[in-house]
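Structural characterization, general
Each chain is listed here by its residues.
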Amino acid sequence: MRKQKSVYVLRRFPAYKGKSITAKRELSYGIKLASRLFLDQMVYEFNKNRLDAAINEAIDNDDRAAFERLSVHYQPYTWE
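Summarised in this report is the structure supplied together with it. (Residues numbered from 1 in each chain as written. Predicted model: local features only at pLDDT ≥ 70, side-chain atom pairs only at ≥ 80, totals over all residues. Heavy atoms only, no water.)

L51, I55, L70, Y74 and Y77 form the largest nonpolar core, which has five residues in total. Elements with a minimum of two residues in this core: helix 1 (29-60) and helix 2 (64-74). Once residues lying within four places of it in the same chain are set aside, the contact partners of L51 are L70, H73, Y74 and Y77. (Core = buried A, V, L, I, M, F, W, Y, C linked by side-chain atoms within 4.5 Å. Buried < 20%, exposed > 50% of the residue type's maximum accessible area, 1.4 Å probe, protein only. Helix = DSSP H or I, 4+ residues; strand = E, 2+ residues; numbered from the N terminus. Contact = heavy atoms within 4.5 Å.)

Below, the discussion takes up the packing of helix 1 against helix 2. Packing of helix 1 against helix 2 leaves a shortest axis separation of 9 Å and a crossing angle of 160°. In this view, helix 1 runs roughly antiparallel relative to helix 2, as classed from their interaxial angle. Crossing angle aside, the handedness with which helix 1 passes helix 2 is left-handed. The segment helix 1 lies against helix 2, with K48, L51, D52, A54, I55, A58 and I59 engaging A66, F67, L70, S71, H73 and Y74. Of the residues belonging to the contact of helix 1 with helix 2, the class tally is nine nonpolar, two polar and two charged. (Axes fitted to C-alpha atoms, helices over the stretch in contact; angles between N-to-C directions. Parallel < 35°, antiparallel > 145°, perpendicular 65-115°, else oblique. Left-handed = near helix turned anticlockwise from the far one by under 90°. Nonpolar A, V, L, I, M, F, W, Y, C, P; charged D, E, K, R; others polar.)

Before going further, it helps to examine helix 1. Helix length check: helix 1, at 32 residues, gives a terminal C-alpha distance of 46 Å against a target of 46 Å (1.5 Å per residue), a fit within 8%. Among the residues making up helix 1, those that are buried are N47, K48, L51, I55 and A58. Tucked inside the fold, the buried residues of helix 1 contact helix 2. (Expected span 1.5 Å × (residues − 1).)

In this section: the packing of aromatic side chains. Think of a pair of aromatic rings as described by two things: how far the centres are apart, and how the planes are tilted against each other in angle. Inspection of the entire model under this criterion finds two aromatic pairs. With a centroid separation of 5.1 Å and an interplanar angle of 45°, the aromatic rings of Y44 and Y77 are classed as tilted. Here the residue Y44 occupies a position in helix 1, and Y77 occupies one in the segment after helix 2, the gap between them amounting to 33 residues. Residue classification places Y44 among the partly exposed positions, given a relative accessible area of 27%. For Y77, a relative accessible area of 15% puts it in the buried group. Aromatic side chains Y74 and Y77 sit 6.0 Å apart centroid to centroid with 35° between the ring planes, which places their arrangement in the tilted category. Here Y74 matches Y77 in class, with each residue buried. Aromatic ring contacts, followed pair by pair, group Y44, Y74 and Y77 into a single cluster. (Phe/Tyr/Trp six-rings, centres within 6.5 Å; stacked < 30°, edge-to-face > 60°.)

So, about helix 2. The set of residues buried in helix 2 consists of A66, L70 and Y74. Looking down the long axis of helix 2, one finds its buried residues gathered within 70° of arc, a one-sided arrangement. Of the exposed residues in helix 2, those oriented more than 90 degrees away from the buried face are R64, A65 and V72. Tucked into the core, helix 2 has its buried residues touching helix 1. (Arc of directions from axis to C-beta.)

Right under this line is the structure:
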């Protein structure tokens with residue numbers, strides 16, 4: 001297992017005047033990338049499921065205009 005390098009960033013706010021300085025530990029690139037990929041996947045699935053439900057509702061209500069409008073928005077999700 002690789003050693004994690006800890007990087008601290010010192011931030012001094014404009015109203016410093018003798019107050020203590022806070023140090024913030026930055027996250028590693030791997031953790032940032034993994035969390036970003038996870039969030040992107042969750043948003044993708046949420047939007048796809050929402051569009052699926054809306055298309056199914058349009059089919060159930062025999063609303064052809066809504067179906068055609070929603071199917072245009074759904075097309076990018078079919079290229080998996």
